[in-house]
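# Remarks on the overall topology
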Number of protein chains: 2
Amino acid sequence: MKIPVIRNILEANDQLAEINKILFKQNNLLVLNLMSSPGAGKTTLLERTVDALKDTIRIGVIEGDIQTTSDAERIAKKGVAAVQINTDGACHLDSKMIYHALKEIDIPSLDLLVIENVGNLVCPAEFEVGEDHKIMILSVTEGDDKPLKYPLMFSRSSVLLINKIDLLPYIDTDVEKIRRDSLGINPDLEIFEVSCRKQDGLDTWFNWILHRTPKYKSK
Amino acid sequence: MKIPVIRNILEANDQLAEINKILFKQNNLLVLNLMSSPGAGKTTLLERTVDALKDTIRIGVIEGDIQTTSDAERIAKKGVAAVQINTDGACHLDSKMIYHALKEIDIPSLDLLVIENVGNLVCPAEFEVGEDHKIMILSVTEGDDKPLKYPLMFSRSSVLLINKIDLLPYIDTDVEKIRRDSLGINPDLEIFEVSCRKQDGLDTWFNWILHRTPKYKSK
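So, here's what we can say about the structure. (Residues numbered from 1 in each chain as written. Chains lettered and ligands numbered in written order. Predicted model: local features only at pLDDT ≥ 70, side-chain atom pairs only at ≥ 80, totals over all residues. Heavy atoms only, no water.)

### Examining the overall build of chain A
Each helix and strand counted, chain A has nine helices and seven strands in total. Taken against the 2.2 N^0.38 rule, which gives 17 Å for 219 residues, the C-alpha radius of gyration of chain A at 17 Å falls within 12% of a compact globule. Each of the three principal axes of chain A carries a C-alpha extent, and together these read 50 × 45 × 35 Å. A total of 219 residues make up chain A; the buried ones form 57% of that total. Considering only contacts in chain A between residues 6 or more positions apart, those separated by 24 or more positions represent 72%. As displayed, chain A offers around 9000 Å² of accessible surface, 50% of which is attributable to carbon and sulfur atoms. Here chain A contributes 27 positively and 33 negatively charged side chains, and the mean placements of these two sets differ by 1 Å. (Helix = DSSP H or I, 4+ residues; strand = E, 2+ residues; numbered from the N terminus. Rg over C-alpha atoms; globule rule 2.2 N^0.38 Å. Buried < 20%, exposed > 50% of the residue type's maximum accessible area, 1.4 Å probe, protein only. Contact = heavy atoms within 4.5 Å. Areas by Shrake-Rupley, 256 points an atom, 1.4 Å probe, with all protein chains shown as cover. Lys, Arg positive; Asp, Glu negative; His and termini not counted. Charge placed at Lys NZ, Arg CZ, Asp CG, Glu CD.)

Here it is as structure tokens:
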């Protein structure tokens with residue numbers, strides 16, 4: 001009984017994700033779905049990205065959290081449009097939550113929409129929300145066994161940001177193993193090594209975004 | 001439609017968890033359900049715990065991972081019984097998985113059974129498996145906002161191990177805020193600050209286990 005129920009939930013989700021995607025395309029928007037374990041650095045990456053790009057492109061953010069509005073408050077302080085979704089227990093964002101959140105955002109006025117998912121290395125990767133790209137962050141403090149243990153997110157992402165590289169001298173993580181195992185799962189994955197806290201290695205990431213933002217390229 | 005389905009899944013899970021619990025009680029076993037985000041240090045804590053206690057009490061381990069058998073191999077090297085459950089995509093262990101894994105373990109020969117859940121700060125806390133206590137680990141590298149953002153696991157755990165305290169000089173995490181917010185959610189939570197890597201602060205944890213192991217106390 002369980003498997004058909006889950007299949008129906010995923011199919012209903014995919015259908016609404018297609019509607020979101022049409023809306024995004026009509027408005028010529030780049031949409032990124034940002035995923036990671038709790039505390040890997042999604043919100044700090046977003047803060048750095050907004051600081052670097054907000055004078056060049058118009059950015060909107062949807063924050064997904066089980067509870068609290070602290071992440072949306074952090075982003076709103078940077079002067080960009082931020083909407084908080086509280087999932088009230090749910091471990092991931094789905095296309096219906098995004099569909100409803102879009103009513104709170106002036107989509108035509110944006111060039112880039114970033115959706116920060118719930119902190120969870122498993123479930124968010126299963127649910128399309130209409131994004132152009134899935135982006136994942138792995139903190140080096142999580143260890144080098146994560147690609148093989150949680151392969152789905154690595155297989156579906158376009159970019160892997162390996163974060164907190166400033167902590168490498170104090171831990172035992174082998175970044176080359178992370179690279180090797182990630183590319184074994186997904187040979188097309190683009191990998192950037194960064195420290196969001198120390199603002200190190202982020203320029204390649206900022207350029208990656210700009211070169212995929214339709215309204216920036218057409219300027 | 002969705003909510004009744006989820007309620008039925010949780011009720012079916014709880015019923016089988018009760019059966020597991022009866023089996024554990026009949027055999028006078030202490031059973032711990034160990035949960036955390038990916039990479040917070042569950043397996044390393046288990047390695048340290050087995051090293052410290054295996055000459056005093058008889059320990060068995062059930063390892064839960066989406067894929068790979070690497071954690072069970074790490075534990076088996078320590079000379080204790082270890083069974084690996086691969087959830088094949090599922091983001092948590094449930095009571096049915098544990099029920100089937102128990103066929104592979106000689107329960108009457110054990111004093112302590114530790115169930116290492118899938119790395120996920122959300123879903124594992126929703127599913128009883130028949131354990132005596134939920135134990136959670138939070139790495140200081142995950143940040144001090146986690147209790148308020150992921151309250152369920154904090155509210156249901158008996159012990160919170162705050163791990164990787166050796167990294168505190170290199171990050172911005174406020175351990176007092178973690179303590180304060182965790183106790184605000186769950187005033188009965190016992191909190192130990194440890195570094196599994198540096199083997200720091202673990203004696204209190206080892207004693208916590210021994211004083212709750214029925215067969216050790218009755219010696």
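From this point, the discussion proceeds with the structure in view.
### Examining the interface of chain B and chain A
Chain B puts 37 residues into the contact, and the matching count from chain A is 37 residues. Buried surface at the junction of chain B and chain A, summed over both partners, amounts to about 2800 Å²; 56% is from carbon and sulfur atoms. Three residues, Pro38, Lys149 and Tyr170 of chain B, lead the burial of chain B against chain A; their summed loss comes to 21% of the area buried on that side. At the boundary of chain B with chain A, the tally comes to six salt bridges. In this structure, Asp65 of chain B engages Lys149 of chain A in a salt bridge whose closest nitrogen and oxygen atoms are separated by 3.4 Å. In this assembly, chain B and chain A are joined by 13 residue pairs in polar contact (both at pLDDT 80 or more). (Buried area = accessible area lost by both parts, 1.4 Å probe. Salt bridge = Lys/Arg side-chain N within 4 Å of Asp/Glu carboxyl O. Polar contact = N/O pair within 3.5 Å; in protein donor to acceptor, adjacent residues only side chain to side chain.)

### Looking at the sheet that holds strand E6 (residues 159-163) of chain B
Residues and elements named next belong to chain B. Ordered in space as E3-E2-E4-E1-E5-E6-E7, the seven strands form an open sheet in which the pairing is parallel. Both edges of this open sheet fall to strand E3 (81-86) and strand E7 (190-193), since each of them pairs with a single strand only. Within the sheet, the average angular offset between the axes of one strand and its neighbour, ignoring direction, is 20°. Across six bridges, strand E2 (residues 59-65) lies against E3 in parallel orientation. Paired with Ile62 across the bridge in E3 is Val83. (Pairing = 2+ DSSP bridges. Axes fitted to C-alpha atoms, helices over the stretch in contact; angles between N-to-C directions.)

### A closer look at the side chain of His92 of chain A
As for its placement among the helices and strands, His92 of chain A is situated in the loop between strand E3 (81-86) and helix H4 (95-101). Residues in contact with His92 of chain A, not counting those within four places in the same chain, are Thr87, Met97, Asn117, Val118, Cys123, Pro124 and Phe127 of chain A.

### Things to note about the packing of aromatic side chains
Both the distance between ring centres and the angle between the ring planes are used here to describe each pair of aromatic rings. Scanning all chains against the criterion turns up three aromatic pairs over all chains. On the basis of an interplanar angle of 5° and a centroid distance of 3.5 Å, the ring pair of Tyr170 of chain A and Tyr170 of chain B is categorised as stacked. Of this pair, Tyr170 of chain A sits in the loop between strand E6 (159-163) and helix H7 (175-185) while Tyr170 of chain B is found in the loop between E6 and helix H7 (175-185), placing the two residues in two different chains. When the centroid spacing of 5.8 Å and the interplanar angle of 15° are considered together, the rings of Trp205 of chain A and Trp208 of chain A count as stacked. In this pair, Trp205 of chain A and Trp208 of chain A are both assigned in helix H8 (residues 203-210), three residues apart and thus about one turn of the helix distant. Side by side, Trp205 of chain A and Trp208 of chain A carry an identical accessibility label, which is buried. (Phe/Tyr/Trp six-rings, centres within 6.5 Å; stacked < 30°, edge-to-face > 60°.)

### Points about the state of the cysteines
With the rule as written, the count across this model stands at zero disulfides over all chains. Cysteine Cys123 of chain A is unpaired, with the sulfur of Cys91 of chain B as its nearest cysteine sulfur at 3.4 Å. On the basis of relative accessible area, Cys123 of chain A is assigned to the buried category, the value being 3%. (Disulfide = S-S within 2.5 Å.)

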